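Analysis of the macromolecular model
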Amino acid sequence: MNNINPLGKTYKEYQEELEKVNLTKATKIELGLAQDLKQTSEAVEGSLKTADKIIDIAYKVNTTISKLSSDVKFYNKYKELVEQDLESAIKRLKSLKSEAEKASKELGINVKDIDGYKAAQASLNKSENALSGIEKNRLEFDI
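Attention here is on the structure that accompanies the text. What you are looking at is a predicted structure, and each value in this text was computed from that prediction instead of being measured.

Comments concerning the overall build of the protein chain
A count of helical and extended segments in the protein chain gives two helices and zero strands. Looking at the 143 residues of the protein chain, the share that counts as buried comes to 13%. Long-range pairs, those at least 24 residues apart, make up 60% of the contacts in the protein chain with a sequence separation of at least 6. Entry remark: accessible area of the protein chain is about 12000 Å², with carbon and sulfur atoms responsible for 57%.

Here it is in structure tokens:
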């Protein structure tokens with residue numbers, strides 16, 4: 001049907017124009033949708049990078065806390081026992097040293113010539129230093 005209407009166009013011409021308008025709208029819709037898809041995908045990339053960082057931090061923190069928890073439990077379990085052992089050892093080593101010094105005077109020999117005296121003195125020094133370190137470096141929290 002190629003009838004001319006009062007505006008001077010045939011129905012076929014109107015139909016072709018209408019198809020062009022519809023195609024333009026569809027193209028605009030498709031173009032807008034494509035832009036939205038691209039923009040949203042790009043926006044998600046930032047969130048994904050942040051998510052990766054959050055996951056990494058959580059893993060590191062959890063690993064560190066787990067290690068710290070294990071260390072604190074070890075500290076709590078053995079601190080008092082070691083303190084008691086060191087205090088007893090210090091008391092015993094001082095007593096033995098005193099006996100050795102007294103015996104060396106009676107025998108007229110150098111105390112350092114008594115077998116084990118030097119090792120006892122070294123153990124006494126190490127034990128006193130360790131006990132002092134434990135006392136100065138107490139945990140400030142508990143698990």
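Re the nonpolar core
Within the largest apolar cluster, six residues are counted, these being Leu-86, Ile-90, Leu-93, Ala-120, Leu-124 and Leu-131. At the level of elements, helix H1 (11–107) and helix H2 (117–136) are the ones that each hand at least two residues to this core. Apart from the residues lying within four places of it in its own chain, the contact partners of Leu-86 are Ser-127, Ala-130, Leu-131 and Ile-134.

Details of the packing of aromatic side chains
Evaluation of the coordinates by the stated rule reveals one aromatic pair. The interplanar angle of 45° and the centroid separation of 4.7 Å between the aromatic rings of Phe-74 and Tyr-78 together place this pair among those described as tilted. Highlighted residues: Phe-74 and Tyr-78, both in helix H1, separated by four residues, approximately one helical turn. With relative accessibility at 56%, the residue Phe-74 sits in the exposed group.

A short note on the pattern of salt bridges
Scanning the model with the defined rule gives five salt bridges in all. With a shortest N-O distance of 3.0 Å, Asp-71 and Lys-67 are connected by a salt bridge. Separated by four residues within a single helix, Asp-71 and Lys-67 lie in helix H1, roughly one turn from each other. For Glu-83, the salt bridge goes to Arg-138, with nearest N and O atoms at 2.7 Å. Note that Glu-83 is positioned in helix H1 and Arg-138 in the segment after H2, a separation of 55 residues in sequence. The network of salt bridges with common partners includes Lys-79, Glu-83 and Arg-138.

Focus: a nonpolar patch on the surface
Together, Phe-74, Tyr-78, Leu-81 and Val-82 line one region of the surface with nonpolar side chains, adding up to about 360 Å² of accessible area. Along the chain, the position of Leu-81 falls in helix H1.

So, the side chain of Ser-127
Residue placement: Ser-127 occurs in helix H2. The contacts of Ser-127, once residues within four sequence positions are left out, are Leu-86 and Ile-90.

Some points on the environment of Lys-73
Of note, Lys-73 is situated in helix H1. Since its relative accessible area comes to 53%, Lys-73 is described here as exposed. Taking C-alpha positions, Lys-73 is 8.5 Å from Asp-142, a pair spaced 69 residues apart along the chain.

Rules used throughout
- Residues numbered from 1 in each chain as written.
- Predicted model: local features only at pLDDT ≥ 70, side-chain atom pairs only at ≥ 80, totals over all residues.
- Heavy atoms only, no water.
- Helix = DSSP H or I, 4+ residues; strand = E, 2+ residues; numbered from the N terminus.
- Buried < 20%, exposed > 50% of the residue type's maximum accessible area, 1.4 Å probe, protein only.
- Contact = heavy atoms within 4.5 Å.
- Areas by Shrake-Rupley, 256 points an atom, 1.4 Å probe, with all protein chains shown as cover.
- Core = buried A, V, L, I, M, F, W, Y, C linked by side-chain atoms within 4.5 Å.
- Phe/Tyr/Trp six-rings, centres within 6.5 Å; stacked < 30°, edge-to-face > 60°.
- Salt bridge = Lys/Arg side-chain N within 4 Å of Asp/Glu carboxyl O.
- Patch = residues over 30% accessible without salt bridge, like charges linked within 9 Å, V, L, I, M, F, W, Y side chains within 5 Å.

Worth remembering: the numbers are spatial, not functional.
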